[in-house]
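Below, each chain spelled out in residue letters.
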Amino acid sequence: MHVSQLETLAKKIDEQNAKIDALSQEILKLEQQVSHIRPGVMVGESTPSGMAAASGESPSHLAGENTHIVARGETLTSIAKMYKISVDELQKANHIEDGRKLQAGQTIVIPAPQPAAPSASPSSSD
């Protein structure tokens, strides 16, 4: 391959990456808008609508966990804050040892938030 061909390919790759970044940001915006309407539902995710309607609970409460597609620039910390869970819970649920290896487009499991442990309750002396 000639240098000019490599430069042309590199330029096309950069253009495609820019389009992917823009689409990822649009998806993230849509997910945030949808989460205000139907908490726990991701864009493109099918829901067990019959089960949700029958029980009166949102699908996230039925399933017990959600998934999240990592957008470019997101970190475990930012995702944990978004779902109001700890980074530790995210790492354990996804068997992630090094949070720096998170990649855009990766689907991760969002565990249900753990209820806060009662502080020094006398009845918890098991």
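Coordinates for the structure precede this section.
Residues numbered from 1 in each chain as written. Predicted model: local features only at pLDDT ≥ 70, side-chain atom pairs only at ≥ 80, totals over all residues. Heavy atoms only, no water.

S.K.: Lay out the nonpolar core with the relevant residues and their values.
M.R.: One finds Val70, Leu76, Ile79, Ala80, Tyr83, Ile85, Leu90, Ile96, Leu102, Ile108 and Ile110 forming the largest nonpolar core, which totals 11 residues. Among the secondary structure elements, those contributing two or more residues to this core are α4 (76-83) and β2 (107-111). Sequence-distant contacts of Val70, defined by excluding residues within four places in its chain, comprise Ile79, Leu102, Gln103, Ala104, Gly105, Gln106 and Ile108. (Core = buried A, V, L, I, M, F, W, Y, C linked by side-chain atoms within 4.5 Å. Buried < 20%, exposed > 50% of the residue type's maximum accessible area, 1.4 Å probe, protein only. Helix = DSSP H or I, 4+ residues; strand = E, 2+ residues; numbered from the N terminus. Contact = heavy atoms within 4.5 Å.)

S.K.: Any details on the side chain of Gln91? Residues and values, ideally.
M.R.: Positionally, Gln91 belongs in helix α5 (residues 87-94). The exposure class of Gln91 is buried, given its relative accessible area of 18%. Ignoring any residue separated from it by four or fewer positions in sequence, one finds Gln91 in contact with Leu76, Ile96, Glu97 and Gly99.

S.K.: An account of the pattern of salt bridges is needed here, citing residue identities and associated values.
M.R.: Taken as a whole and judged by the stated rule, the model has 3 salt bridges. One salt bridge in this structure joins Lys29 and Glu26, with 3.7 Å as the shortest N-O distance. With Lys29 and Glu26 both in helix α1 (residues 3-37) and 3 residues apart, the pair spans about one turn of that helix. Residue classification places Glu26 among the partly exposed residues on the basis of a relative accessible area of 43%. Arg100 is the salt-bridge partner of Asp98, the closest N and O atoms lying 3.0 Å from each other. What makes Asp98 partly exposed here is its relative accessible area of 23%. Among the residues examined, Arg100 registers a relative accessible area of 74% and is labelled exposed. (Salt bridge = Lys/Arg side-chain N within 4 Å of Asp/Glu carboxyl O.)

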